[in-house]
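Given next are the chains, with one letter for each unit.
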Amino acid sequence: TALKPGRYHGGLRVDNGSTVNLSPGGYFIENGPLEIRAGGIVNGTGGVSIVFTGDNTSILFVQGNGGLNLKAPASGSFAGL
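Note that the structure is predicted; figures quoted are calculated from it, not measured.

A. Geometry of the nonpolar core. Among the nonpolar cores identified, the biggest contains 11 residues, and these are Leu 3, Tyr 8, Val 14, Val 20, Leu 22, Tyr 27, Ile 29, Leu 34, Ile 36, Val 42 and Val 48. Those elements that provide at least two residues to this core are strand S4 (19–22), strand S5 (25–30) and strand S6 (34–36). Beyond its immediate stretch of four places on either side in the chain, Val 20 contacts Thr 1, Leu 3, Val 14, Ile 41, Val 42 and Asn 43.

Here is the structure:
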């Protein structure tokens, strides 16, 4: 599955056996978690920033054997983040 940058109200969940590829840009996780279940993979290797915003449910949760592979942008407002 491929996702585009934007605001993800209520969070995102990646289930076991699923791979999500993030296109370059900013991803705003609002009022919900970025939840990567065991065996789920999130790839964002082309300049991706993830920003958690909203209430205290906006967290990163990765179960065992879940994977998160990110590479920050090299330039712009989110360079290195």
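B. Here's a closer look at the pairing of strand S7 (residues 41–44). Judged from the three bridges that link them, S4 and S7 form a sheet pairing that is parallel. Residue pairing for S7: Thr 19 is matched across the bridge by Ile 41. For S7 and strand S10 (residues 67–70), the ladder comprises four bridges, and the chain directions are parallel. Among the inter-strand pairings, Val 42 is bridged to a residue of S10, identified as Leu 68.

C. Geometry of the side chain of Glu 30. Position of Glu 30 relative to the elements: it lies in strand S5. Overall, the relative accessible area of 19% leaves Glu 30 in the buried class. In this structure the side chain of Glu 30 is engaged in a polar contact, spanning 3.4 Å, whose partner is the side chain of His 9. In contact with Glu 30, other than residues within four places in its own chain, are Arg 7, Tyr 8, His 9, Gly 10, Gly 11, Thr 53 and Ser 58.

D. Inspection of the sheet that holds strand S8 (residues 48–53) at higher detail. The strand order across the open sheet formed by three strands is S2-S5-S8, and the pairing between neighbours is parallel. Whereas interior strands pair on both sides, the edge strands pair on one side only; in this sheet they are strand S2 (6–9) and S8. Across the sheet, the axes of successive neighbouring strands diverge by a mean angle of 20°, strand direction being ignored. Of the pairings in the sheet, the one linking S2 to S5 comprises four bridges and is parallel in character. Residue pairing for S5: His 9 is matched across the bridge by Glu 30.

Basis of the calculations
Residues numbered from 1 in each chain as written. Predicted model: local features only at pLDDT ≥ 70, side-chain atom pairs only at ≥ 80, totals over all residues. Heavy atoms only, no water. Core = buried A, V, L, I, M, F, W, Y, C linked by side-chain atoms within 4.5 Å. Buried < 20%, exposed > 50% of the residue type's maximum accessible area, 1.4 Å probe, protein only. Helix = DSSP H or I, 4+ residues; strand = E, 2+ residues; numbered from the N terminus. Contact = heavy atoms within 4.5 Å. Pairing = 2+ DSSP bridges. Polar contact = N/O pair within 3.5 Å; in protein donor to acceptor, adjacent residues only side chain to side chain. Axes fitted to C-alpha atoms, helices over the stretch in contact; angles between N-to-C directions.

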